[in-house]
Amino acid sequence: MTAGERALLSQMDDYTLDGKFHEATEAFCRLAAGGQDVRRLVTHIMSTAAPYLHVPAHEKLLPNGEFRNVNYDHTSLGIRAGMRLAPYLPLAEQHLPLVQGIYYVPQGLDVWAQLECGFPGHYAREQEKCAEDQIGHQLQCHFEDREPLVDGSVEDRFQRMFHALTRGDKDTSYRLFLGLAPQPEHRARLQDTLLFAAIIDQQEYNSFRKVRHIGHKAIRTRSMFDLAEWLGWENAHPFFYTTVPDICNAPIFHSLYDHASWLLGTAFKGAQYDLIHRNATPLSEDEQDRFIGLVLSGDSTVVATEITALLERGRAVQSIADTLMIAHATHAVARLRTPASWTVPTHAFDYCNAVNHWLRNFKNPHQTKAVYLAAWFVTDTIHEVDSYPDDPAIARPDPASRRQWADGRSLPQALAALEPAIAAQNPNDALALVQSYLERTGERATLIGVLAHCAGKFQGDAHIFRNARSIIEEYTHNTSSERRKNVLFESWTHFLSFYRKRTLAPDCYELYQRYFMS
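Residues numbered from 1 in each chain as written. Predicted model: local features only at pLDDT ≥ 70, side-chain atom pairs only at ≥ 80, totals over all residues. Heavy atoms only, no water.

1. Description of the packing of helix H4 (residues 75-85) against helix H5 (residues 96-104)
Part 1 of the reasoning: At a closest axis distance of 7 Å, the pairing of H4 and H5 adopts a crossing angle of 170°. By the angle between their directions, the pair H4 and H5 is classed as roughly antiparallel. Where H4 abuts H5, its residues Thr75, Gly78, Ile79, Gly82 and Leu85 lie against Pro97, Leu98, Gly101, Ile102 and Tyr104.
Part 2 of the reasoning: Its residues assigned to classes, the contact of H4 with H5 comprises 6 nonpolar, 4 polar and no charged. (Axes fitted to C-alpha atoms, helices over the stretch in contact; angles between N-to-C directions. Helix = DSSP H or I, 4+ residues; strand = E, 2+ residues; numbered from the N terminus. Parallel < 35°, antiparallel > 145°, perpendicular 65-115°, else oblique. Contact = heavy atoms within 4.5 Å. Nonpolar A, V, L, I, M, F, W, Y, C, P; charged D, E, K, R; others polar.)

Below, the structure written as structure tokens:
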């Protein structure tokens, strides 16, 4: 690295710590376009940001005696999703979603301070509506980094770490994690243990709450491990530092996990721990139809009872979980009537994707319980969204009204028309085009590429890339039929063309074009 590049790297740090996201991203682009390895640049900028990505808790007691929600860090989510979307994009655009993730990093620092107008980020500007000239620039570190804890046997340390995670002891759990992470032979078990701890910390009712858990601990834990694989575990410390202690942050909810344990224990009387291996029969088409219908009813208790009945009939845990994803996507396409109603459903979908990742890649005797937690989250979300009143200022999406127009286009023309429809935030045209395309061809790779490109053009919102990656993964691994899985693409298109974005400005995309596509 030349002296000029080192100076630019230092400048990128200064911009990041002052919340100057456009300038920091431009420095990142200049360094990456000049030949610097993007993995090293990501590690560097996140090492700079990591001390300021913590919060004391995810609930803040207000002077009036009530609580308010304090958001979870989203920086790692955008970077992980950007990295994962790269293979689906043309060579010239492969860094686009990653650069969009970098664009978010300076905006996400010190959320706790932002809620008090103490630092310039999107929470201060958009959520708190702080006047620009009244925003402070003083960052706070709410959790200092720690040294590894290595005393005791490996088995003892894993047990202590899991207990610390579930008790909310961030110091002990983080130090034990740091002591185990350097040994490759422990990494699969570390992933299983932390995913288990994060997934079971799930709120019974997110609906109509000011403090919402919304699955973020599981989503971020999944992201952390994906980034460790991409960067190399030896280079992933800033992501460990920001994520592992946060699993312990209040509030912590285990009552829903306890309820799932009670349901399974009552039905199977000790035989529940090997259901994940013993049950091997997929749901029939009729069983899938019935289960999807029950999920769409939004009654969490009824759906939990049905899951138990399916398990008692020997139905595969993964098949139940996969059908739940199809039901969730079906609801999103059919019943999300206003742009604002999209926020919580994407969290539920991404949480279920984290659960499915755990089911598909690890072996844990408690995994069956996670299906109940995922189903509860989805049905609770459906119950909330269906109760929203219509916004008279916003017309309901009606893709059927544009279907004849879409059918009149050739397949290449349909894909060409999809990008401007999404850019115009026109769900009628976008959904009609995708539905028509899906029915006329079995080709999916080109469609995925177009939708990934469209997702990569939106800036300042890690949810957009995260949801894109979850959809692709569910389409790839979901055991449902191709006919059923088509709704995943419809859901993705509906989200891209109807979800209320933080901004439709193309600043980051134009910046990327200047450095990587000119």
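2. As for the packing of aromatic side chains
Part 1 of the reasoning: Taken as a whole and judged by the stated rule, the model has 17 aromatic pairs.
Part 2 of the reasoning: Between Tyr205 and Trp376 the ring centres are 6.2 Å apart and the planes differ by 65°, which places this aromatic pair in the edge-to-face class. Of this pair, Tyr205 sits in the loop between helix H10 (187-199) and helix H11 (216-231) while Trp376 sits in helix H19 (residues 367-387), placing them 171 residues apart in sequence.
Part 3 of the reasoning: Look at Tyr205 and you get partly exposed, because its relative accessible area is 38%.
Part 4 of the reasoning: Of the aromatic side chains, those joined through ring pairs into one cluster are Phe162, Phe196, Tyr257 and Trp358.
Part 5 of the reasoning: The side chain of Arg402 reaches across the aromatic face of Trp405, ending 4.3 Å from its centre.
Part 6 of the reasoning: Between the NZ or CZ atom of Lys501 and the centre of the ring of Phe458, over which it lies, the distance is 4.9 Å. (Phe/Tyr/Trp six-rings, centres within 6.5 Å; stacked < 30°, edge-to-face > 60°. Buried < 20%, exposed > 50% of the residue type's maximum accessible area, 1.4 Å probe, protein only. Lys NZ or Arg CZ within 6 Å of the ring centre and 35° of its normal.)

3. Some remarks on the state of the cysteines
Part 1 of the reasoning: Under the counting rule described, the total for this entry stands at 1 disulfide.
Part 2 of the reasoning: Through a disulfide, Cys117 is tied to Cys130; the S-S separation comes to 1.9 Å. Handedness of the Cys117-Cys130 disulfide follows from its S-S torsion of about -80°: it is left-handed. With a gap of 13 residues between them, Cys117 in the loop between helix H6 (111-114) and helix H7 (122-127) and Cys130 in the loop between H7 and helix H8 (154-167) connect regions that are remote in the sequence.
Part 3 of the reasoning: By relative accessible area, Cys117 is classed as partly exposed at 24%.
Part 4 of the reasoning: Looking at Cys454, it has no disulfide partner, and the nearest cysteine sulfur is the one in Cys508, 16 Å off.
Part 5 of the reasoning: For Cys454, a relative accessible area of 3% translates into the label buried. (Disulfide = S-S within 2.5 Å.)

4. Quick notes on helix H21 (residues 411-423)
Part 1 of the reasoning: With 13 residues, H21 should reach 18 Å at 1.5 Å per residue; the first-to-last C-alpha distance of 19 Å fits that figure.
Part 2 of the reasoning: Residues of H21 that are buried include every one of Ala414, Leu415, Ala417, Leu418, Ala421 and Ile422, and no others.
Part 3 of the reasoning: Buried residues along H21 sit against helix H20 (403-407), helix H22 (427-440), helix H23 (445-456) and helix H25 (482-498).
Part 4 of the reasoning: Phi turns positive, to about 55°, at Gln425, one or two residues after H21. (Expected span 1.5 Å × (residues − 1).)

5. Digging into the pattern of salt bridges
Oppositely charged side chains are able to pair whenever their charged atoms sit close together.
Part 1 of the reasoning: Under the criterion given, the structure shown has 39 salt bridges.
Part 2 of the reasoning: The salt bridge partner of Asp151 is Arg160, with a shortest N-O separation of 4.0 Å.
Part 3 of the reasoning: Two residues, Arg278 and Asp274, come together in a salt bridge whose shortest N-O distance is 2.3 Å.
Part 4 of the reasoning: On the accessibility criterion, Arg278 (42% relative accessible area) is partly exposed.
Part 5 of the reasoning: Taking the relative accessible area as the measure of exposure, Asp274 reaches 35% and is therefore partly exposed.
Part 6 of the reasoning: Residues participating in the shared-partner salt-bridge network are Arg80, Arg84, Arg222, Asp226, Arg469 and Glu473. (Salt bridge = Lys/Arg side-chain N within 4 Å of Asp/Glu carboxyl O.)

6. A closer look at unusual backbone geometry
Part 1 of the reasoning: Here Ala250 and Pro251 are connected by a cis peptide whose omega angle stands at 0°.
Part 2 of the reasoning: Phi at Cys117 takes a positive value of approximately 60°, unusual for a residue other than glycine.
Part 3 of the reasoning: Positive phi is not limited to glycine here, since Lys269 has a value of about 50°.
Part 4 of the reasoning: Relative to the elements of secondary structure, Lys269 occurs in the loop between helix H13 (255-268) and helix H14 (275-278).
Part 5 of the reasoning: We classify Lys269 as exposed; its relative accessible area is 68%.

7. A word on the environment of Asp429
Part 1 of the reasoning: Inspection of the secondary structure assignment puts Asp429 in helix H22.
Part 2 of the reasoning: The class of Asp429 is buried, set by a relative accessible area of 12%.
Part 3 of the reasoning: Spatially, the C-alpha atoms of Asp429 and Asp398 are 8.8 Å apart, while their sequence positions differ by 31 residues.
Part 4 of the reasoning: Those residues in contact with Asp429 that sit more than four places away from it in its chain are Arg402, Trp405 and Ala421.

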